[in-house]
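# Geometric and topological summary
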Amino acid sequence: MVMLCIITFVWSLKFIWQKEKWSPIDEYAHMDYIEKMSEGRMPKLQDAVSNDIYMDLIEHPEHSFTPPIHNREELGMGNYSYQAKHPPIYYAFLLGPNMLMQKAEYKAFERLKVLRIISYLLFVLGSLICIPIFNLINQKGVQTPQFYSWACVLFSLLIATHQRYGLTNNMLSPLFINASLYFVLKYHVTYQIKFLYRFILVAGLSLSVALTNLFIIPFLFLYALIIYIPHFTKKTFIYACSLLLISLSVILWWKLTTIPDKAFEEYLQNLLLAVIPANAITFKMFLDLLLNDTFQLSFISEQLDITKIYLICLSINILVSVLFLKSILKQNKWVLVSMVVFLVFVINLYFLNRYVDRVHWVAFRNYLGFIPVVFISCSSFIIVLFRKYLD
């Protein structure tokens, strides 16, 4: 299993490095966010993308995923810093490397390729946290096969790349979400308050990585609250709240420093409403598109789609969960909790698609923090059967 992870990692790195075009998924604006921060300021929606990016597209039209351009107007929305709508932590992680490469006089696209690799490595680091997470689960008395944690890492690496070879703030989500889960589990195992504090800090800051982490963070805070209440003290509660203020301060600072021009924001919102209206497709079609975006392994082949394998495993998992419900309630409650979180996640997707416009909800990159939950949803039957028959 470890060797499969290494092969997938190397194959993905090769795939990302060989991409000689800007990613069609908002990469101009993601790179421009880093460029603006390198200039010592935060981007705003109406800002034009940096001259380095523009000149690369003029001088190297082969890098563009669209026909050659001759002026900024031909870039359309690609000419603007519309990713300013995202909070800053991901871009801050890439700020230092970008500034070093600028001093070394790397061209914009050369810097982009290196930053893509760093971005992917941050994702891999977040995925590897699954190993100590499952070790902690075992310390709570749950027996999982040794290979299971590495299977989770492999699952993460397989579905990470696809169209997500380009820069995107969501690639940092697994690092913060998995680290949050690790710290709250560590607190549950040791009841050392420092781990609860670390959880609160990292979980809070995860919202400054990607706002869509809001869909999973409440589950982690609920878990933390349940195990903290028996050990409640005024001192620890006040200190915990002060740590939350750090996260709120980052969000507030970001919002205040990126206030857009009102007329441009209204124009952008109307454009997004026209292009991405709510309930534009049925939920079945939504799920089909989401599954394709998740399980098409483009870094291996554009034709390789493991959606059917996932759905078969999901069906087996549901069947085993029903057949061994008593056993799960007695020995593996955490599996049931994970399945409930997965169900709530799917229900959330239904309401997002039906009622919330202006966001491309079918893109799995919005939910990378859910990868361990998605993995458990199709594989926990291994743990149940292992505990019952092979332990």
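Residues numbered from 1 in each chain as written. Predicted model: local features only at pLDDT ≥ 70, side-chain atom pairs only at ≥ 80, totals over all residues. Heavy atoms only, no water.

## Things to note about the overall build of the protein
The helix and strand tally for the protein stands at 17 helices and zero strands. For the protein, the C-alpha radius of gyration of 22 Å lies close to 21 Å, the compact-globule estimate for 391 residues. Intrachain contacts of the protein at a sequence separation of at least 6 include 79% that bridge at least 24 residues. The protein carries 32 positive and 24 negative side-chain charges, and their two centres are separated by 17 Å. (Helix = DSSP H or I, 4+ residues; strand = E, 2+ residues; numbered from the N terminus. Rg over C-alpha atoms; globule rule 2.2 N^0.38 Å. Contact = heavy atoms within 4.5 Å. Lys, Arg positive; Asp, Glu negative; His and termini not counted. Charge placed at Lys NZ, Arg CZ, Asp CG, Glu CD.)

## Let's talk about the environment of Ala179
Residue position: Ala179 is located in helix α8 (residues 173-190). For the pair Ala179 and Ser127, spaced 52 residues apart in sequence, the C-alpha to C-alpha distance is 9.6 Å. Beyond its immediate sequence surroundings of up to four residues, Ala179 is in contact with Ile129, Pro174 and Val202.

## With respect to the layout of surface pockets
Counted as a void, the largest pocket has a volume near 1300 Å³. If one sorts the elements of the lining of the largest pocket by residue count, helix α12 (residues 262-275) sits on top with six residues. Counted by class, the lining of the largest pocket contains 24 nonpolar, 14 polar and nine charged residues. A volume near 870 Å³ is recorded for the second largest pocket. Around the second largest pocket, the lining is made up of 31 residues, and of these Leu181, Tyr223, Trp334, Val337 and Ser338 lie nearest the centre. Elements represented by at least two residues in the lining of the second largest pocket include exactly α6 (130-139), α8, α10 (217-228), α15 (325-331), α16 (333-355) and α17 (371-390). Tallied by class, the residues present in the lining of the second largest pocket amount to 22 nonpolar, six polar and three charged. (1 Å grid on protein atoms, 1.4 Å probe; cavity = no way out; pocket = protein on both sides within 12 Å on 5 of 7 lines; lining within 4 Å. Points joined across faces, edges and corners; volume = space filled by probe spheres on them. Nonpolar A, V, L, I, M, F, W, Y, C, P; charged D, E, K, R; others polar.)

## Notes on the packing of aromatic side chains
Scanning the entire structure with this criterion turns up 32 aromatic pairs. Ring geometry for Phe93 against Phe176: centres 6.2 Å apart, planes inclined by 75 degrees, an arrangement best described as edge-to-face. Placement of the pair is Phe93 in helix α4 (residues 89-103) and Phe176 in helix α8, with a sequence separation of 83 residues. For Phe176, a relative accessible area of 9% corresponds to the buried category. (Phe/Tyr/Trp six-rings, centres within 6.5 Å; stacked < 30°, edge-to-face > 60°. Buried < 20%, exposed > 50% of the residue type's maximum accessible area, 1.4 Å probe, protein only.)

## Concerning a nonpolar patch on the surface
A cluster of nonpolar side chains, contributed by Met1, Val2, Met3, Leu4, Ile6, Ile7, Val10, Trp11, Phe147, Ile300 and Leu304, occupies part of the molecular surface with about 950 Å² of accessible area. Ranked by residue count, the leading element in the nonpolar patch is helix α1 (residues 2-17), at seven residues. Relative to the assigned elements, Val2 resides in helix α1. (Patch = residues over 30% accessible without salt bridge, like charges linked within 9 Å, V, L, I, M, F, W, Y side chains within 5 Å. Areas by Shrake-Rupley, 256 points an atom, 1.4 Å probe, with all protein chains shown as cover. Salt bridge = Lys/Arg side-chain N within 4 Å of Asp/Glu carboxyl O.)

## Observations regarding the nonpolar core
Ranked by size, the top nonpolar core spans 112 residues in total, and within it Tyr120, Phe199 and Val374 carry the most contacts. The contact partners of Phe199, leaving out residues within four places of it in the chain, are Ser180, Phe183, Val184, Gly204, Leu220, Phe221 and Ala224. In this structure, Ala29, Leu45, Phe264 and Leu268 belong to the second largest nonpolar core, which totals eight residues. (Core = buried A, V, L, I, M, F, W, Y, C linked by side-chain atoms within 4.5 Å.)

## Here we look at helix α3 (residues 51-59)
Burial in α3 covers these residues: Ile53, Tyr54, Asp56 and Leu57. Around the axis of α3, the buried residues are gathered within 160 degrees of arc, so they sit on the same side. On the buried face of α3, the contacting elements are α2 (27-38) and α5 (108-128). (Arc of directions from axis to C-beta.)

## What to know about helix α9 (residues 193-206)
Its 14 residues give α9 an end-to-end C-alpha distance of 20 Å, which sits within 8% of 20 Å, the value for a rise of 1.5 Å per residue. When you tally the buried positions in α9, you get 10 out of 14 residues, the bulk of the element. Listed in full, the buried residues belonging to α9 are Phe195, Leu196, Tyr197, Phe199, Ile200, Val202, Ala203, Gly204, Leu205 and Ser206. Where α9 is buried, its residues touch α4, α8, α10 and α11 (234-257). (Expected span 1.5 Å × (residues − 1).)

## Considerations on the packing of α2 against α5
Look at α2 against α5: their axes get within 11 Å of each other, and the N-to-C directions meet at 95 degrees. Relative to α5, the element α2 is oriented roughly perpendicular. Residues Glu27, Met31, Ile34 and Glu35 of α2 lie in contact with α5, whose contacting residues are Ala108, Arg111, Leu112, Leu115 and Arg116. Looking at the contact of α2 with α5 residue by residue, the class counts come to five nonpolar, no polar and four charged. (Axes fitted to C-alpha atoms, helices over the stretch in contact; angles between N-to-C directions. Parallel < 35°, antiparallel > 145°, perpendicular 65-115°, else oblique.)

## Describing the environment of Leu157
With respect to the helices and strands, Leu157 occurs in helix α7 (residues 146-160). For the pair Leu157 and Phe9, spaced 148 residues apart in sequence, the C-alpha separation works out to 6.7 Å. Beyond its immediate sequence surroundings of up to four residues, Leu157 is in contact with Cys5, Thr8, Phe9, Ser12, Tyr120, Phe123, Val124 and Phe299.

## Regarding the pattern of salt bridges
Overall, the coordinates contain nine salt bridges when judged by the stated rule. Arg116 is the partner of Glu27 in a salt bridge, and the nearest nitrogen-oxygen pair spans 2.7 Å. Taken together, the residues Glu27 in helix α2 and Arg116 in helix α5 connect sequence positions 89 residues apart. Both residues of the pair, Glu27 and Arg116, count as buried. Where Glu39 meets Arg41, a salt bridge forms, and the shortest distance between an N and an O atom there is 3.1 Å. Classification of Arg41 by relative accessible area gives partly exposed; the value is 38%. The network of salt bridges with shared partners includes Glu35, Asp52 and Arg111.

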